[in-house]
Amino acid sequence: MVSEEEKLYEDLRRLGQRLHIPISETFWDLEVRDGSGKVVQRLRQRSHSWVRNAYNMMFCYLAGKDLSNGSFGAGYLSLKETGGAVRSGGGPVCLSQSATVDTTSMGYRGPAGNDAYGILVGSGTNPEDFESYALHVKITNGTGAGQLTYVQSESHAINWNPGTLTMKNDLARFFNNNSGADVSVNEVALALRGYGPGGSVPYHYMSARDLLVATVTVPDTGQLKVTYTVQLTYPA
Amino acid sequence: MNSIEEARYEQLRKLGQELHIPISETFWELEVKDRDGEVIQSLRQRSHSWVRNAYNHMFCQLAVKNGNNSSFGPGYLNVKDTSGTVRYATGPIGNSSADIDGTSYGCRGPAGDDNWGIQVGSGTNPESFEDYMLQTRIANGVGAGHLSYIEQDPHRITYDPGTRVLANAMVRYFNNNSGGDIDVNEVGLVMNQPQGGSTVYGKRLQARDKLASTVTVPNTGQLKVTYTIQLTYPA
């Protein structure tokens, strides 16, 4: 990661701690192994790209407010699902009050063979856009040409650092390449499965999409591990 | 508000926008009117004091993670409700499939209810990140030392396309029919999360701030408290 930019993040973190403003940071880690288990490529970068869906969800839980607008865009409180439909209703964030999100039925943990939610990967190279609601070109689950096998997301790994007062959540997902050829990954995303808002039908909402700083190539019979880290700095 | 501190907030906001990190800010405004409707005292200050409950709420939402610890403190994900009970469940803090724009759940306290929504108190203890209730809440009523809690106004959402700031203002009125002056020294915001299924997060304090100076509500006067939350969007 660029040291000059890292200095700005450090400034931001310190300023936030001093002013008691919560500062959240997010990171992507990608690691590729070949068919014999040897690490052949690594990439670590910040996720800069929480999209409008994520900001709207954050605003609603900060304000204790429903997602109540039928329009999507600046100044409106709604969500756009990965299929492009705008969702709003008499409810706030799109998770049921009584459903667990630590398992793979709801939340950010995608089940085995499912490319609809959780950590997703794609081959598209479109620039990051705050209005994105889906990957540019998603790599689908499977063993055909250009496909990857989506493995069930690992469990949440929570870590507390008493020195920096940082709470961290690591979420990892593996992708196997049995397509018969190399598969190139250029974009990564995090998509949520949740109800509503204000209903009982599950939808999928993308929270973040990042373009990778370099193409990551998964060789045939190789494996890709993608880790998404969210951390929040506490004042005490 | 302090201009040096305001410059730091400005710096924080700009850095957040540059780095695409969401920056949230919160403010309290208090206005007192006497029985003739004349404004006799006004106070505006930043709310510095989101407590551990609010940070845990935020973390659970960002990570989409259940609360899961029975201890309360650094490194644990749960909340402490206003009665001091530590709560966690197989569901994330803050989630609801119920309407929270009304006064059944959320942050809008109903008429005559001092258990949640915007609350006021007379306590003067310093702010603490571990606070889970007001030090000395002023109870609802018309007896000595009481204020009548009015139903909280509907959420008021505004968007400033220039600064890209989305803001939510919450307002609650308090009438003094106690027969004497009432001093307010602390303010708090309590969220009422729907309790159903396995999720039992209850009523929990999100923020408690000590006022920069005592606000006095005269007998037959009215206090208006506004809590504003704003989030700066990158676009």
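Residues numbered from 1 in each chain as written. Chains lettered and ligands numbered in written order. Predicted model: local features only at pLDDT ≥ 70, side-chain atom pairs only at ≥ 80, totals over all residues. Heavy atoms only, no water.

Draft legend 1. Representation of the overall build of chain B within the structure. Scanning chain B for helices and strands turns up two helices and eleven strands. Relative to the compact-globule value of 18 Å for 235 residues, chain B shows a C-alpha radius of gyration of 18 Å, a close match. Overall, chain B is about 50 × 40 × 30 Å in size when its C-alpha atoms are taken along their principal axes. When contacts within chain B are restricted to residue pairs at least 6 apart in sequence, those whose partners lie at least 24 apart make up 68%. Carbon and sulfur atoms make up 44% of the accessible area of chain B, which amounts to about 8600 Å² in all. For chain B, the separation between the mean place of its 21 positive charges and that of its 25 negative charges on side chains is 5 Å. (Helix = DSSP H or I, 4+ residues; strand = E, 2+ residues; numbered from the N terminus. Rg over C-alpha atoms; globule rule 2.2 N^0.38 Å. Contact = heavy atoms within 4.5 Å. Areas by Shrake-Rupley, 256 points an atom, 1.4 Å probe, with all protein chains shown as cover. Lys, Arg positive; Asp, Glu negative; His and termini not counted. Charge placed at Lys NZ, Arg CZ, Asp CG, Glu CD.)

Draft legend 2. The layout of surface pockets, seen in detail. Residue and element names in this part refer to chain A. Considered as a void within the structure, the largest pocket measures approximately 160 Å³ in volume. Lining the largest pocket are 13 residues, and of these Glu-5, Gln-45, Arg-46, His-48 and Val-213 sit closest to its centre. At the level of elements, helix H1 (3–19), strand E2 (39–46) and strand E10 (202–218) are the ones that each hand at least two residues to the lining of the largest pocket. Per-element accounting of the lining of the largest pocket gives the leading share, four residues, to E10. Grouping the amino acids of the lining of the largest pocket by side-chain chemistry returns five nonpolar, two polar and six charged. (1 Å grid on protein atoms, 1.4 Å probe; cavity = no way out; pocket = protein on both sides within 12 Å on 5 of 7 lines; lining within 4 Å. Points joined across faces, edges and corners; volume = space filled by probe spheres on them. Nonpolar A, V, L, I, M, F, W, Y, C, P; charged D, E, K, R; others polar.)

Draft legend 3. Summary view of the packing of aromatic side chains. In this structure the tally under the stated criterion is twelve aromatic pairs over all chains. Measuring from centroid to centroid gives 5.3 Å for Tyr-55 of chain A and Phe-130 of chain A, while their planes differ by 80°, and the two rings are edge-to-face. Highlighted residues: Tyr-55 of chain A in helix H2 (residues 52–63) and Phe-130 of chain A in the loop between strand E5 (118–122) and strand E6 (149–150), separated in sequence by 75 residues. The burial state of Tyr-55 of chain A is the same as that of Phe-130 of chain A; both residues are buried. Note on Tyr-149 of chain B and Phe-174 of chain B: the rings are 4.8 Å apart at their centroids and 80° apart in plane angle, and the pair reads as edge-to-face. Taken as a pair, Tyr-149 of chain B in strand E6 (residues 148–149) and Phe-174 of chain B in strand E8 (residues 165–175) lie far apart in primary sequence, 25 residues in all. (Phe/Tyr/Trp six-rings, centres within 6.5 Å; stacked < 30°, edge-to-face > 60°. Buried < 20%, exposed > 50% of the residue type's maximum accessible area, 1.4 Å probe, protein only.)

Draft legend 4. How the structure looks around the interface of chain B and chain A. If you look at the interface, chain B gives 66 residues, while chain A gives 61 residues. Taking both sides of the interface into account, the surface hidden between chain B and chain A amounts to around 6000 Å²; carbon and sulfur atoms contribute 68%. Across the chain B-chain A interface, the total number found is two salt bridges. A salt bridge links Lys-65 of chain A to Asp-101 of chain B, with the nearest nitrogen and oxygen atoms 2.7 Å apart. Across the contact surface, chain B and chain A share 16 residue pairs in polar contact (both at pLDDT 80 or more). Those elements giving two or more residues to the side of chain B that touches chain A turn out to be helix H1 (3–19), strand E1 (23–33), helix H2 (52–63), strand E7 (156–160), E8 and strand E11 (222–232) of chain B. Its residues assigned to classes, the side of chain B that touches chain A comprises 34 nonpolar, 24 polar and eight charged. (Buried area = accessible area lost by both parts, 1.4 Å probe. Salt bridge = Lys/Arg side-chain N within 4 Å of Asp/Glu carboxyl O. Polar contact = N/O pair within 3.5 Å; in protein donor to acceptor, adjacent residues only side chain to side chain.)

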